[in-house]
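Letter by letter, the chains look like this.
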Amino acid sequence: ETGATLLKKVGSVDFAGTNTARVDSVEKICRKYGVEHKRVNNEELNKITKIFSFPENYTGVYTPDSYSINAIKAVNTFQSGALKHGAKLFDNIKVSSIQKFSCAVRR
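Each chain carries its own residue numbering, running from 1 in the written order of its sequence. Per-residue local features are limited, in this predicted model, to residues with pLDDT of at least 70; the limit for side-chain atom pairs, both in listing and counting, is 80 or more; totals at the level of whole chains, interfaces and linings are taken over all residues. Side-chain figures throughout are based on the complete set of non-hydrogen atoms in the structure, without hydrogens or water.

Honestly, the nonpolar core in this entry has me stumped. Any pointers?
Grouped burial of nonpolar side chains is what soluble globular proteins tend to show. Put simply, a nonpolar core is a bunch of buried Ala, Val, Leu, Ile, Met, Phe, Trp, Tyr and Cys residues held in one set by side-chain atoms that sit within 4.5 Å of each other. Throughout this description, buried means an accessible area under 20% of the type-specific maximum (1.4 Å probe, protein chains only), exposed means over 50%, and partly exposed covers the range between. Within the largest apolar cluster, five residues are counted, these being Ala16, Val23, Val26, Cys30 and Val61. Top element by residues in this core is helix 1 (residues 21-33). It accounts for three residues. Note on contacts: a residue pair is in contact if any heavy atoms of the two residues lie within 4.5 Å. In this structure, cysteine 30 is in contact with Val35, His37, Val61 and Thr63, ignoring residues within four places of it in sequence. Runs of E in the DSSP output that reach at least two residues are strands. Runs of H or I that reach at least four are helices, and both are numbered from the N terminus.

I keep staring at the side chain of serine 66 and nothing clicks. Help me out?
For serine 66, the position within the fold is in the loop between strand 4 (59-63) and strand 5 (67-69). Among residues more than four places away in sequence, those in contact with serine 66 are Lys8, Lys9, Val10, Gly11 and Ser12.

I keep staring at the pattern of salt bridges and nothing clicks. Help me out?
Side chains that carry opposite charge are capable of pairing whenever their charged atoms lie near each other. Salt bridges, as used here, are contacts in which a Lys or Arg side-chain nitrogen is within 4 Å of a carboxyl oxygen on Asp or Glu. The full count for this structure, using the stated rule, is six salt bridges. Among the salt bridges present, the one from glutamate 44 reaches lysine 38, with a minimum N-O distance of 3.0 Å. Lysine 38 gets classed as partly exposed once you look at its relative accessible area, which sits at 44%. Members of the salt-bridge network, linked through shared partners, are Asp24, Glu27, Arg31 and Arg39.

Please explain the packing of aromatic side chains as it appears in this structure.
The description of an aromatic ring pair uses the distance of the two centres, along with the angle that the planes make with each other. For this analysis, a ring pair means two rings from Phe, Tyr or Trp (six-membered ring only for Trp) whose centres lie within 6.5 Å, classed as stacked if their planes differ by under 30 degrees, edge-to-face if by over 60, and tilted for the remaining angles. One pass over the structure, following the stated rule, counts four aromatic pairs. Each ring, one from phenylalanine 15 and one from tyrosine 58, has its centre 6.3 Å from the other, and the planes form 40°; the classification is tilted. Of this pair, phenylalanine 15 sits in strand 2 (residues 12-16) while tyrosine 58 sits in the loop between helix 2 (42-49) and strand 4, placing them 43 residues apart in sequence. Overall, phenylalanine 15 belongs to the partly exposed group, its relative accessible area being 37%.

Looking at this structure, I do not really get the pairing of strand 4. What am I missing?
The two faces of a sheet get side chains in turn, since along a regular strand they alternate between them. Counting buried positions along strand 4 gives four out of five residues, so the element sits mostly inside the fold. Relative to strand 4, strand 2 runs antiparallel, the two sharing five bridges. Paired with alanine 16 across the two strands is threonine 59, which belongs to strand 4. Two strands make a pair as long as DSSP finds a minimum of two bridges between them. Of the strand pairs in this sheet, strand 3 (residues 38-41) and strand 4 are connected by four bridges, and their pairing is antiparallel. Note that in strand 4 the partner of lysine 38 across the bridge is tyrosine 62.

This is the structure:
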C-alpha cells in the first residue's frame with residue numbers, strides 16, 4: 001500500500017560445529033518446502049560470511065534467497081501509514097492499558 005521497499009535479499013547461513021542436528025534440521029526443512037539451499041563446509045562458510053573464521057569441524061546451510069527487513073524503515077513506514085489514516089502518535093509515553101475493540105478499523 002505504501003510502495004516502500006522494506007525487504008532486501010541478503011542470503012543467510014545456519015551453522016554448527018560437531019553437533020550438526022540443527023543444520024540437518026534446516027536442510028530437511030529446505031528440502032521439504034523446496035527452498036534453494038546448499039550444504040557448505042567451513043571454508044565455504046568463511047567465504048560467504050567474510051567476517052567470521054569457522055574452524056574445520058563447522059558446517060552450515062546457505063540459503064541465497066533469504067531476506068532481511070530494515071526495522072527502522074519499517075517502523076517509519078507503519079507510522080506514516082497510521083498518520084495518513086488519522087492516528088495520533090505519542091513518543092515517550094508510558095502505556096497504562098490496552099483496550100481491545102470488536103472492530104478492525106475504528107474511525
